[in-house]
Structures are given as C-alpha cells and as structure tokens.
Amino acid sequence: MTEHRADVAEDADDATTSPPPAPVDSAYDDVAYRSAGVVIERYSTSFGWACRLLGPDVREHVRAVYALVRVADEIVDDMAAPLTVDERAALLDDLEREVDAAVRRGRSTNLVVHAFAVTARRYGIGAELTAPFFASMRTDLTVTEHDPDSFARYVHGSAEVVGLMCLRVFTGGDDAAYARLAPGAARLGAAFQKVNFLRDLADDLDDRGRAYFPGYDDDFDDAVRDRLLDDIDADLATASAAIAELPRSSRVAVRVAHDLFAELSSRLRATPAEELRTRRVRVPDAVKGRLVLAAMVRERRKAAAA
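What this report covers is the structure whose coordinates are included nearby. Given the structure is predicted, the values throughout are model-derived calculations rather than measurements.

## What to know about the pattern of salt bridges
Next up, step 1: As enumerated under the stated definition, the model contains 26 salt bridges in all.
Next up, step 2: Between Glu 41 and Arg 52 there is a salt bridge whose closest N-O contact spans 3.5 Å. With Glu 41 in helix α2 (residues 27-43) and Arg 52 in the loop between α3 (45-51) and α4 (59-77), the pair connects residues that are 11 residues apart, well separated along the chain.
Next up, step 3: On the accessibility criterion, Glu 41 (28% relative accessible area) is partly exposed.
Next up, step 4: Of the charged contacts in the structure, one is a salt bridge between Arg 280 and Asp 200, with a shortest N-O distance of 2.6 Å. Here Arg 280, found in the loop between α13 (273-276) and α14 (285-305), pairs with Asp 200, found in the loop between α9 (175-199) and α10 (201-207); they are 80 residues apart in sequence, far enough to count as distant.
Next up, step 5: Overall, Asp 200 belongs to the buried group, its relative accessible area being 17%.

## Considering the environment of Glu 98
Next up, step 1: With respect to the helices and strands, the residue Glu 98 is situated in helix α5 (residues 85-105).
Next up, step 2: Judged by relative accessible area, Glu 98 falls into the partly exposed class, the value being 22%.
Next up, step 3: In the structure, Glu 98 is positioned 15 residues away from Val 113 in sequence and 7.4 Å away in space, judged by C-alpha atoms.

## Describing the packing of α9 against helix α12 (residues 248-269)
Next up, step 1: The contact between α9 and α12 brings their axes to 10 Å, and the two run at 35 degrees. As for the relative orientation of α9 and α12, their crossing is left-handed in sense. Contacts from Leu 188, Phe 192, Val 195, Asn 196, Leu 198 and Arg 199 in α9 reach Val 254, Ala 257, His 258, Phe 261, Leu 264 and Leu 268 in α12.
Next up, step 2: Classifying every residue of the contact of α9 with α12 by side-chain character gives 9 nonpolar, 2 polar and 1 charged.

Reading the values: the criteria
- Residues numbered from 1 in each chain as written.
- Predicted model: local features only at pLDDT ≥ 70, side-chain atom pairs only at ≥ 80, totals over all residues.
- Heavy atoms only, no water.
- Salt bridge = Lys/Arg side-chain N within 4 Å of Asp/Glu carboxyl O.
- Helix = DSSP H or I, 4+ residues; strand = E, 2+ residues; numbered from the N terminus.
- Buried < 20%, exposed > 50% of the residue type's maximum accessible area, 1.4 Å probe, protein only.
- Axes fitted to C-alpha atoms, helices over the stretch in contact; angles between N-to-C directions.
- Left-handed = near helix turned anticlockwise from the far one by under 90°.
- Contact = heavy atoms within 4.5 Å.
- Nonpolar A, V, L, I, M, F, W, Y, C, P; charged D, E, K, R; others polar.

Okay, here's the thing in structure tokens:
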C-alpha cells in the first residue's frame, strides 16, 4: 500500500495503544471507523499489522476500504453460511446499492459502509472503482473458469481497483499524482491477486471449484508456474518504480507489502508445481520482520539524504 524509521515505529506503537487518529467529523464517524478496524483485525491479522505502518492521516481510511472489501468477499466465500447462489447475489446487490447511496448522501446505518462512504467522499472514490469491484465479486458466484479477457476483467475489478482506491487516499486529492501513479498501483494490486491465486490453488480448485488462470487448472507444471510468475514479477517491477513517488505517509507500508509479495513470488518459484496443489506457501515471521526493518532503514537513509 506506506519515512523516517522512527516515525514509522512510533506510528505502529500508537496504533496498538491509542484510539484511531480520527479522520472523523462526529462520534458516529469514529464508531464507524473503529468498526472497520475490528473487521480488519479479525479477518486479516497480517494486513491489520501492516496498516500500522501507514501514517495516521491515511491509516483509518485504508482500513475502511479493506473492511468493505472483506464484507463483500465474505458474502461470496463464507461457505459456513447456508445461502444459495441467488441469495448471495441478492446480498451483493443490496450491499452495492447501500454503498452507492451512502457515498451520495454521506450516511449509512451499516457502520462499515458508513466508514467507506466518508472516505470515498473525502478522496473521490466513485462508481468507476466500486462498480467493477462488485462485478468481479458477482463473477465468483457463477464463473468457474476464465479465458484471458474475463481473467483480465476479474483481476481489474477484484484487485486493481482496490489498489486505486488506496491510491486515492495516499495522494490526498492530488489528481495529477493519482494519474501518474495509477498504473503502478493497479499493477501492484494485480500482482497481489495473482500471487494469492497461486498460493490458494488447492482451496480454489478443490473447495470452490474455481480455476482462475486461463487453461492452467489441469495442465499445471513447473513451466506453467514460471510463466505465471514471470508475469507477476513484471507487475511487481512496474509497481516498484511508482512506490518511490508515494507520499511519506504511505511509502514504507506499500514498500513492505511489495517486498513481502516479491518474497512470496521467489518462494513460489522454488516450490515444485505439484506441491502448490497441496500446500500454501508462506513467509516466516522472521523474514517478514527483516523486510519491515529493511524498508524502514531505506526510508530513513533517503530522508537523511534529502
């Protein structure tokens, strides 16, 4: 997604001991942002921890974006919920209508939607980003195989637009900066999604019956793995150049996320294709810690040289 090393460390500490640093205008806004934070901490401890590297001016807004994404994702993928495809589709439709209405009027009785709407209105996140997102979520309800065109549309809606929503927050209303950095933000979101597809091959194919990569569900060998990772690494390289231009409030966090997924790409490349069908590749906590420290040190040196 995110600097002076000391600044980032203090932000991380503050996130664990203090109330949200209030991008809010009312007590209701504050409760809404806190609710979004609970969603993130409950469903994604790694992402919740990474958010602490963001500056206090953007941290809660990014949590609001990802909380909405998580709620929509749970409608589609929570297999414990006894819902039909039609019922899940209706819930997605209801959620999208509520998001659109809340962005228009600035209020929702759904706390996660309200937090997202406050952020969207403040930073100019509109239907050009939310509509493709919900379209991709609906795709997961009925589509089990993709061709190259449907795959590109799916990745755009499920991942690239989320990166672009975050970029709206990071650039703080600077349309020129947003336009300049948008290709890199989209490519980073795409890389994240494709890496997760590779990590989750077994779950997607065996549990959900989905084959995301076109034509690679049955004929998946090391050569196919490497072609997919070559594409991912190209996305990461393009994104890396854009990260250097992000504001200080987001640069270290985004760099850490980039480097974590680059490490995952490397580990995926070193894993035999048949093993990727049976186990999920992870980055050990000690390696994650080194990546965070390295990003902080680089930023501190850059700030000192400026």
